[in-house]
Amino acid sequence: MGLTVIRNADSVVTMDDARSEIADGAIAFRNGVVVAVGPTGALAHVIDAADTVIDARGCVITPGLVNTHHHLYQSLTRAVPGGANASLFGWLKCLYPIWANYRPEDVRAATRLGLGELALSGCTLSSDHLYLFPDGVTLDDTIEAAATIGIRFHPTRGSMSVGVSAGGLPPDSLVESEPAILRDTIRVIDRYHDASDGAMVRVGVAPCSPFSVSQGLMRDSALLARDKRVMLHTHLAEDADDVAFSLERFGCRPGQYADDLGWTGPDVWHAHCVQLDHDEIDLFARTRTGVAHCPGSNCRLGSGVAPLRRMVERGVPVGLGVDGSASNDSGNLLAEARQAMLLQRVTGGAGAFDPRTALYIATRGGAQMLGRSNCGSLEPGKRADLAVWDMADLFSLGAWDKVAALVLAPPPGARDVFVEGRAVVRDGELVQSSRAEIVRDAQRSVARLMRLA
Ligand SMILES: [Zn+2]
């Protein structure tokens, strides 16, 4: 791959340790790796040698946004009427029967739709949590679909094993046997997980939640993940019902439950954690257990306001997640960063949370939490994952501080997105996939699912 330089950006937000922002900045990358970052004038010799030079006047360049929690399959079930005004458990019960009708082609269409949406809005690395496998659906469907979009993908092999008849929440038709879950998890790790520096796919292990799998499966999943050196992910302490379930069923709070089963540590990240108390936050900080903060979904389901500021102050690794599109219902990470900041201000006052902190969580914070410390910042030697934001268009024009404006007055999409040095979005359009084809396939799947509902 040749040398590419993007120059004359109003600001390059590096997210390095000093959180440097470079005015009239430029960035150069080759073979998927950043080779230089600095003022455009100081990089003249690099620009002279470049194979491709891109002008970014009026733009801000940031590390690519990182999405730490999603259920891409849900992209075909946005704004479903029966679940529109329900909280978590009621919402799930409304949607399970619809999801039970999915086929592999629906999961593929939904994955491309959701990742296309994320890429166009500046995301370069997304995790995914697929925990139901009706009618021949496999994790492979999402991995193959993701490769067509071009962003880094961290799929997690989810699972549900405790159905209604055993005291769980999901219908029995959507749960799997635990030996089959573990067998298939081993299969997908062995087939797809890549531990290398520039890996485009890393697989994680992700039983759905304490209310849909057994303690045995939680424990076995942790053992398996550590044996395979992959990460662990689940939902935890999402709302008051979730905590009540834990107290009633397991006799302890969610943090204790997680810790007892081996679900704390730097190789674990939990989605939501809206209801963590102070002791649980300290436990997560001490053990470097990560949290995927999903403010849009938490608002939509009325789950509460996560103690984000406290988690950040105590040193809990935090990333941002859009969560599945059945509970958000859009997948735009800058919108999530804005929501995260606003929610902390609602409860903590105007000084409670800063736009740059929100941007940090949306980039480097998320990358570190997912074990990708080689992503999330723009420094020589790091992977060339970045987004170019046009701040001179009408959505953001008028901003004096253009970096803060990314969170306060975000543009609806990125102008350009590069992952591993390869263009994924140019001039607001997907490069590696046909947008029309993604839309057509998703429309066909939605029509079928609506007919069956
Ligand atoms: Zn979720």
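Just so you know, these numbers come straight off a predicted model, no measurement behind them. Residue positions are counted from 1 within each chain, in the order its sequence is given. It should be noted that, the model being predicted, local features are given only for residues of pLDDT at least 70 and side-chain atom pairs only at 80 or more, the latter also being counted only at that level, while totals for whole chains, interfaces and linings use all residues. The side-chain figures draw on all heavy atoms in the structure; neither hydrogens nor water molecules are used.

Draft legend 1. Molecular detail of the coordination of the zinc ion. The zinc ion binds to the protein through His69 (NE2), His71 (NE2), His235 (NE2) and Asp323 (OD); the donor distances cover 2.1 to 2.6 Å. Only nitrogen, oxygen and sulfur atoms count as donors, using a 2.8 Å cut-off from the metal that widens to 3.2 Å for Na, K and Ca. Water is left out, so coordination shells may look unfilled. Under this scheme a four-donor centre is tetrahedral when all angles range from 85 to 135 degrees, a four-donor centre is square planar and a six-donor centre octahedral when opposite donors are above 155 degrees with the rest from 65 to 115, and any other centre is irregular. Around the zinc ion sit four donor atoms; with metal-centred angles ranging over 87 to 177°, the donor geometry is irregular. In this structure His69 comes out as buried when scored by relative accessible area, which is 0%. Buried, partly exposed and exposed residues are distinguished by accessible area as a fraction of the type maximum, computed with a 1.4 Å probe on protein chains only: under 20%, between the cut-offs, and over 50%, respectively.

Draft legend 2. Quick look at unusual backbone geometry. With an omega dihedral of 5°, the bond running from Asn328 to Asp329 counts as a cis peptide bond. Its identity is not glycine, yet Arg19 carries a phi of approximately 50°, on the positive side. Relative to the helices and strands, Arg19 is located in the loop between β1 (4-13) and β2 (21-30). Under the relative-accessibility criterion, Arg19 is labelled partly exposed at 43%. Although it is not a glycine, Arg288 adopts a positive phi angle of roughly 60°. We count a stretch as a helix when DSSP gives it H or I for four or more residues in a row; a strand needs E for two or more, and each element gets its number in order from the N terminus.

Draft legend 3. Representation of the confidence of the model for the protein chain within the structure. On average, residues of the protein chain carry a pLDDT of 96, and 100% of them reach 70 or more. As a per-residue measure, pLDDT tells how confident the predictor is, with possible values from 0 to 100. At the low end of the mean pLDDT range in the protein chain sits helix α2 (residues 88-99), at 91; at the high end sits strand β5 (residues 59-63), at 99.

Draft legend 4. Expanded view of the packing of helix α3 (residues 104-120) against helix α15 (residues 435-452). Close contact between α3 and α15 brings their axes to 9 Å; oriented N to C, the two are set at 135°. Considered as vectors, α3 and α15 are oriented oblique to each other. Like other packed secondary-structure pairs, α3 and α15 cross with a definite hand, here left-handed. Contacts between α3 and α15 involve Glu105, Asp106, Ala109, Arg112, Leu113 and Leu120 from the first element and Arg435, Glu437, Ile438, Asp441, Ala442, Ser445, Arg448 and Leu449 from the second. Residues are grouped as follows: Ala, Val, Leu, Ile, Met, Phe, Trp, Tyr, Cys and Pro are nonpolar; Asp, Glu, Lys and Arg are charged; all remaining types, including Gly, are polar. The residue inventory of the contact of α3 with α15, partitioned by class, reads six nonpolar, one polar and seven charged. Lines fitted to C-alpha atoms define the axes here, with helix axes fitted over just the stretch in contact, and angles between the N-to-C directions of these axes take values from 0 to 180 degrees. Working definition: roughly parallel below 35 degrees, roughly antiparallel above 145 degrees, roughly perpendicular at 65 to 115 degrees, and oblique for all remaining angles. It is the rotation of the near helix from the far one that decides the hand of a crossing: anticlockwise by less than a right angle makes it left-handed, clockwise makes it right-handed. Contact definition: two residues touch when any of their heavy atoms are within 4.5 Å.

Draft legend 5. The arrangement of the environment of Glu238 in detail. Its place among the elements puts Glu238 in the loop between β10 (231-236) and α7 (240-250). Linking Glu238 and Glu420, residues 182 residues apart in sequence, is a C-alpha distance of 34 Å. For Glu238, the side chain forms a polar contact with the side chain of His272, separated by 3.4 Å. As used in this structure description, the phrase polar contact means that two N or O atoms lie within 3.5 Å; if the pair is within protein, one of them must be able to donate a hydrogen and the other to accept it, and residues adjacent in sequence are counted only when both atoms belong to side chains.

Draft legend 6. Up close: the domain arrangement of the protein chain. What counts as a domain boundary in this text is fixed by an automatic or database domain assignment. Under the domain assignment, the protein chain is made up of domain 1 (4-63 + 381-430) and domain 2 (65-369). Look at where the C-alpha atoms of domain 1 and domain 2 centre, and you get two points 29 Å apart. Listed per partner, the contact involves 34 residues of domain 1 and 27 residues of domain 2. The buried area of a pairing is the accessible area, by a 1.4 Å probe, that goes missing from both parts when the two are put together, added over both. Summed over both sides, the interface between domain 1 and domain 2 buries roughly 2,500 Å², with carbon and sulfur atoms accounting for 62% of that surface.

Draft legend 7. The arrangement of the packing of aromatic side chains in detail. Working definition: rings of Phe, Tyr and Trp (its six-membered ring) pair if their centres are within 6.5 Å, and the pair is stacked with planes under 30 degrees apart, edge-to-face with planes over 60 apart, and tilted otherwise. Per the stated rule, a full pass over the model turns up ten aromatic pairs. Their ring planes at 80° and their centres at 5.7 Å tell us that Tyr73 and Tyr102 sit as a pair that is edge-to-face. Taken together, the residues Tyr73 in the loop between β6 (65-67) and α2 and Tyr102 in the loop between α2 and α3 connect sequence positions 29 residues apart. Here Tyr73 matches Tyr102 in class, with each residue buried. Centre to centre, the rings of Trp91 and Trp99 are 5.9 Å apart; their planes meet at 75°, and the pair counts as edge-to-face. On the accessibility criterion, Trp91 (4% relative accessible area) is buried. Note on Trp99: relative accessible area 0%, which makes it buried.

Draft legend 8. A look at the pairing of strand β12 (residues 290-293). Of the two faces of β12, the one holding Gly290 and Ala292 and the one holding Val291 and His293 are both buried throughout. Bridge count between strand β11 (residues 268-272) and β12: three bridges; the pairing is parallel. In the strand pairing of β12, His270 is matched with Val291. If the strands point away from the viewer and the path from the first strand over the helix to the second runs clockwise, then the crossover is right-handed. In the classification by handedness, the crossover that spans β11, the intervening helix α9 (residues 278-287) and the parallel β12 is right-handed. In this scheme, strands are said to pair when DSSP sees at least two bridges between them. In the sheet, β12 pairs with strand β13 (residues 318-320) via three bridges, with the strands oriented parallel.

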